Amino acid sequence: MNVLFSSKEYDYHTLVKVAEMAGLAGLVGFHPAGEDYLLSFPDGEDTQALVENYKLRLHDLENNIWCH
């Protein structure tokens, strides 16, 4: 499953850090898509759960940075 993230919202290093925090380092592929980033998640029964977990952690990180 592929998910596109806007470079206007997230930088590459943040996306990589969240993958590491979610235990997905080495499983998620990072690809340039113009100025944006296309992340590819491994296909399987729990792919949608992995994507949702990743997005939740990204949102949590965003809230932790901006709420202080």
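Look up a bit, the structure's there.
Structural notes, computed from the coordinates. Position numbers for residues start from 1 in each chain and track the written sequence from start to end. Residues qualify for local features only when their pLDDT is at least 70, as the model is predicted, and side-chain atom pairs are given and counted only at 80 or more; totals for whole chains, interfaces and linings, by contrast, use all residues. Here the side-chain values reflect all heavy atoms present in the structure, with hydrogen atoms and water set aside.

## Examining the overall build of the protein
So, step 1. Secondary structure assignment for the protein yields 2 helices and 3 strands.
So, step 2. With C-alpha atoms as the basis for the radius of gyration, the globule rule is written as 2.2 Å multiplied by the number of residues raised to the power 0.38. In terms of overall size, the protein behaves like a compact globule, its C-alpha atoms giving a radius of gyration of 12 Å where 68 residues would be expected to give roughly 11 Å.
So, step 3. Each of the three principal axes of the protein carries a C-alpha extent, and together these read 35 × 25 × 15 Å.
So, step 4. Residue exposure (1.4 Å probe, protein chains only): buried if accessible area is under 20% of the type maximum, exposed if over 50%, otherwise partly exposed. Here the protein holds 68 residues, and the buried ones make up 28% of them.
So, step 5. Contacts are assigned to residue pairs that have any heavy atoms within 4.5 Å of one another. Relative to all contacts within the protein whose residues are 6 or more apart in sequence, the contacts with residues 24 or more apart total 65%.
So, step 6. Counting 4 positive and 11 negative side-chain charges, the protein places the averaged centre of each group 4 Å from the other. A run of H or I in DSSP counts as a helix once it spans at least four residues, and a run of E counts as a strand once it spans at least two, with each numbered from the N terminus. Charge counting treats Lys and Arg as positive and Asp and Glu as negative, with His and both chain ends excluded. Lys charges are placed at NZ, Arg charges at CZ, Asp charges at CG and Glu charges at CD.

## Describing the sheet that holds strand β1 (residues 2-5)
So, step 1. Criterion used throughout: strands pair if DSSP finds at least two bridges between them. Taken together, 3 strands build an open sheet; the order of strands is β1-β3-β2 and the sheet is antiparallel. Strand pairing shows two members of the sheet lacking a second neighbour, β1 and β2 (29-33), which therefore form its edges. Adjacent strand axes in the sheet meet at a mean angle of 25°, parallel and antiparallel pairs treated alike.
So, step 2. Sheet analysis places β1 next to strand β3 (residues 36-40), joined by 4 bridges and oriented antiparallel. Across the sheet, the residue bridging to Leu4 is Leu38, located in β3.
So, step 3. Comment: axis = line fitted to C-alpha atoms, over the contacting stretch for helices; angle = value between 0 and 180 degrees taken between N-to-C directions. In the packing of helix α1 (residues 12-21) onto the sheet, contacts are made with β1, β2 and β3, and the angle to β2 comes to roughly 160°.

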